[in-house]
Amino acid sequence: MPQTFGLTGLLIPYLAGPFYFASPEKAGNHRALTDIRESIKELKYYRTAVFVPAPGPDSEAARAIAAALASEAAGQDGVSTG
């Protein structure tokens, strides 16, 4: 499983603007299944908002991408992650 924290750490100097602050929020409760789901959501965000041809999305579009991924994850399987 890829370490998204390491990826985020490498990207912070480049994402200090719209992408980093619009990234999906994490619950931070450090439960295995929740961590896995949050990491997958974060990687989907990077793939959709960051690893795209220049100029990429603006702040508003980055927030919309994160919100869409959050609602997708919430309705994905109905299993509680908390």
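Residues numbered from 1 in each chain as written. Predicted model: local features only at pLDDT ≥ 70, side-chain atom pairs only at ≥ 80, totals over all residues. Heavy atoms only, no water.

1. A closer look at the packing of aromatic side chains
Summed over all chains, the structure comprises 1 aromatic pair. Between Tyr45 and Tyr46 the ring centres are 5.9 Å apart and the planes differ by 55°, which places this aromatic pair in the tilted class. The residues Tyr45 and Tyr46 share a single accessibility class, namely buried. (Phe/Tyr/Trp six-rings, centres within 6.5 Å; stacked < 30°, edge-to-face > 60°. Buried < 20%, exposed > 50% of the residue type's maximum accessible area, 1.4 Å probe, protein only.)

2. Examining helix α4 (residues 59-74)
For an α-helix the count is 3.6 residues per turn, leaving residues at separations of three or four pointing the same way. Helix length check: α4, at 16 residues, gives a terminal C-alpha distance of 23 Å against a target of 22 Å (1.5 Å per residue), a fit within 8%. Residues of α4 that are buried: Ala62, Ile65, Ala66 and Leu69. Along the long axis of α4, the arc covered by the buried residues comes to 95°, so they all point the same way. Turned more than 90 degrees away from the buried face of α4, the exposed residues are Glu60, Arg63 and Ala74. (Helix = DSSP H or I, 4+ residues; strand = E, 2+ residues; numbered from the N terminus. Expected span 1.5 Å × (residues − 1). Arc of directions from axis to C-beta.)

3. As for the environment of Ala73
Its place among the elements puts Ala73 in helix α4. When its relative accessible area of 34% is taken as the criterion, Ala73 is described as partly exposed. Along the backbone, Ala73 and Ile40 are 33 residues apart, and their C-alpha atoms lie at a distance of 9.5 Å.

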